[in-house]
Amino acid sequence: MYKRQVMFTLASCSFGEPPEPEGGEPPNLPTPSGGPPEEPATFMDVVAEGLEVPWGLAFLPDGTAVVGERESGRILSIAIGEDGTPAAPEEIGTVEVDANGEGGLLGLAVSPDFEQDSTLFLYYTTEEDNRIATLDLSSDAAPEPILTGIPTASNHNGGALAFGPDGYLWAATGDAGNGDHAQNEDSLGGKILRLDTSGEPAPDNPDPASPVYSMGHRNVEGLAWNGSGDLYATEFGDDLADEINRIEAGGNYGWPLYEGPGGEPDYIDPVVTWEPFESSCADAVFVEQTLITACLRGQRLWIVEFDENGELVGEPQATLVNEFGRLRSIAMGPDGMLWVTTSNRDDRCEEASGCVIDEADDRVLRFSTSYAVEGRVLCPTGTSRSPSV
């Protein structure tokens, strides 16, 4: 484990004096409303290392991190001590997966009632399909599928899984290498799905009998809600444009008819596009109105500011460019830290693209932020910060 100075002007509680920097310019994130902290914390440390392609990342109610390894199917927990020090990863479950290509154990989501049901929700690949299942960590039972039949292939399996502010389970699926899935209303491929915890369609979906919330997607791996409850998704394009889309009920996002803006009234254009070489962004998280997305091929974080109306503010800013290789998962932890995973052992880290595998890869990193996201994260004492009045 090591630490070095790195500055994120985001929200978190103060963590005391930072260590001396080891060189390089620290990345700066936009400052949300509320003013700067009195004693900003400015450090990065390695929470875990030597992992096998970490993909899913979530947090239990007590602040323990849960990480899934795509290829091995292992589920690991990383407890955080009272002094903020992370413990060594502990295996708490294993799922039998087909890890061919981009498949395997993908998204993880913690049950909203975890303290009562000890349940994780999993998105993973089998030889037959991609599926969503529940796993009771208090027993030795195998995962219990709640939705099956999501198309699978060596590429474009989607995999994002998260509970939204509406309490429903959201899942993003890929087109499984067949763009026709994305425009086929009867296929679960190339869609964003919205379910209840039993796997049934949310009753107020565009079609109450279908789990499909939006369609026309190529390969979505990140779902994030802003402070107003609006959903945004990161999407891998083909050769022209990777996208961030604002997701609307019943919306059609155009793939494979369009990549990037299509300009047709029947299809919804992305709010942000990048060329794939500088993006290929996977997971994403909002801090107030600022979206931060972790990018694989681009080997960076992109920071995108929106106003309260969902309009872009200025130009997206890149940070951590080529510092840690391919970045996949990102989350704001209950410790007020920004957690990020690397994905350098997925056979896509190539020196020709400036990616070099570190002997410690793959890693879970966390970065200090400068002051608390009020009402959304916990201070080191475990008490919740209340919104300003």
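So, here's what we can say about the structure. (Residues numbered from 1 in each chain as written. Predicted model: local features only at pLDDT ≥ 70, side-chain atom pairs only at ≥ 80, totals over all residues. Heavy atoms only, no water.)

## Things to note about the sheet that holds strand β4 (residues 65-69)
Turning to step 1, where the next piece is worked out: What the four strands build is an open sheet, ordered β3-β4-β5-β6; its pairing is antiparallel. Each of the sheet's edge strands pairs with one partner strand only, and the pair in question is β3 (54-59) and β6 (90-94). When strand polarity is set aside, the average angle formed by the axes of neighbouring strands in this sheet is 25 degrees.
Turning to step 2, where the next piece is worked out: With four bridges joining them, β3 and β4 adopt antiparallel strand pairing. If you follow Ala58 over to β4, its bridge partner there is Val66. (Pairing = 2+ DSSP bridges. Helix = DSSP H or I, 4+ residues; strand = E, 2+ residues; numbered from the N terminus. Axes fitted to C-alpha atoms, helices over the stretch in contact; angles between N-to-C directions.)

## Some points on the packing of aromatic side chains
Turning to step 1, where the next piece is worked out: This structure, assessed with the given rule, holds ten aromatic pairs.
Turning to step 2, where the next piece is worked out: Arranged with centres 5.1 Å apart and planes meeting at 80 degrees, the rings of Phe59 and Trp339 form a pair that is edge-to-face. Highlighted residues: Phe59 in strand β3 and Trp339 in strand β24 (residues 338-342), separated in sequence by 280 residues.
Turning to step 3, where the next piece is worked out: Under the relative-accessibility criterion, Phe59 is labelled buried at 16%.
Turning to step 4, where the next piece is worked out: Between Phe121 and Phe163, the ring centres sit 5.2 Å apart and the planes meet at 80 degrees, which makes this aromatic pair edge-to-face. A residue pair is termed long-range when its members are at least 10 positions apart, and Phe121 in strand β8 (residues 119-125) and Phe163 in strand β11 (residues 161-163) qualify at 42 residues. Considered together, Phe121 and Phe163 belong to a single accessibility category, that of buried residues. (Phe/Tyr/Trp six-rings, centres within 6.5 Å; stacked < 30°, edge-to-face > 60°. Buried < 20%, exposed > 50% of the residue type's maximum accessible area, 1.4 Å probe, protein only.)

## Remarks on the state of the cysteines
Turning to step 1, where the next piece is worked out: The tally for this structure, following the rule as stated, stands at two disulfides.
Turning to step 2, where the next piece is worked out: A sulfur-sulfur distance of 2.1 Å marks the disulfide that ties Cys281 to Cys295. The sign of the S-S torsion, about 75 degrees, decides the handedness of the disulfide formed by Cys281 and Cys295: right-handed. Highlighted residues: Cys281 in strand β19 (residues 281-287) and Cys295 in strand β20 (residues 290-295), separated in sequence by 14 residues. (Disulfide = S-S within 2.5 Å.)

## Considering the sheet that holds strand β22 (residues 317-319)
Turning to step 1, where the next piece is worked out: One open sheet accounts for four strands, arranged β19-β20-β21-β22; its pairing is antiparallel. Each end of this open sheet is capped by a strand with a single partner; those strands are β19 and β22. Neighbour-to-neighbour, the strand axes of this sheet turn through a mean angle of 25 degrees, independent of strand direction.
Turning to step 2, where the next piece is worked out: Note: β20 against strand β21 (residues 300-305), six bridges, orientation antiparallel. Residue pairing across strands places Thr290 opposite Glu305, the latter belonging to β21.

## A few points about the environment of Asn205
Turning to step 1, where the next piece is worked out: Within the fold, Asn205 resides in the loop between β13 (191-195) and β14 (212-215).
Turning to step 2, where the next piece is worked out: Sequence separation between Asn205 and Leu193 is twelve residues, and the spatial gap between their C-alpha atoms is 9.1 Å.
Turning to step 3, where the next piece is worked out: Aside from chain neighbours lying at most four places away, what touches Asn205 is Arg194, Ser210, Pro211, Val212 and Tyr213.
Turning to step 4, where the next piece is worked out: Reaching out from Asn205, the side chain makes a polar contact with the backbone oxygen of Ser210 at a distance of 2.9 Å. (Contact = heavy atoms within 4.5 Å. Polar contact = N/O pair within 3.5 Å; in protein donor to acceptor, adjacent residues only side chain to side chain.)

## Details of the pairing of strand β7 (residues 105-110)
Sheet faces and side chains relate simply in a regular strand, where the side chains alternate between the two faces.
Turning to step 1, where the next piece is worked out: Among the six residues in β7, six count as buried, and that is most of the element.
Turning to step 2, where the next piece is worked out: Bridging between β7 and β8 involves four bridges; their strand directions are antiparallel. Note that in β8 the partner of Leu108 across the bridge is Leu122.

## Structural notes on the side chain of Arg363
Turning to step 1, where the next piece is worked out: Examined against the element boundaries, Arg363 turns out to sit in the loop between β24 and β25 (364-367).
Turning to step 2, where the next piece is worked out: Given the relative accessible area of 5%, Arg363 is considered buried.
Turning to step 3, where the next piece is worked out: A polar atom in the side chain of Arg363 sits 3.1 Å from the side chain of Asp361.

## A few points about the side chain of Arg326
Turning to step 1, where the next piece is worked out: Within the secondary structure, Arg326 is located in the loop between β22 and β23 (327-332).
Turning to step 2, where the next piece is worked out: Looking at Arg326, its side chain comes within polar contact range of the side chain of Asp346, at 2.9 Å.
Turning to step 3, where the next piece is worked out: Beyond its immediate stretch of four places on either side in the chain, Arg326 contacts Cys295, Leu296, Arg297, Gln299, Thr341, Thr342, Ser343, Asn344, Asp346, Arg348, Cys349 and Cys355.

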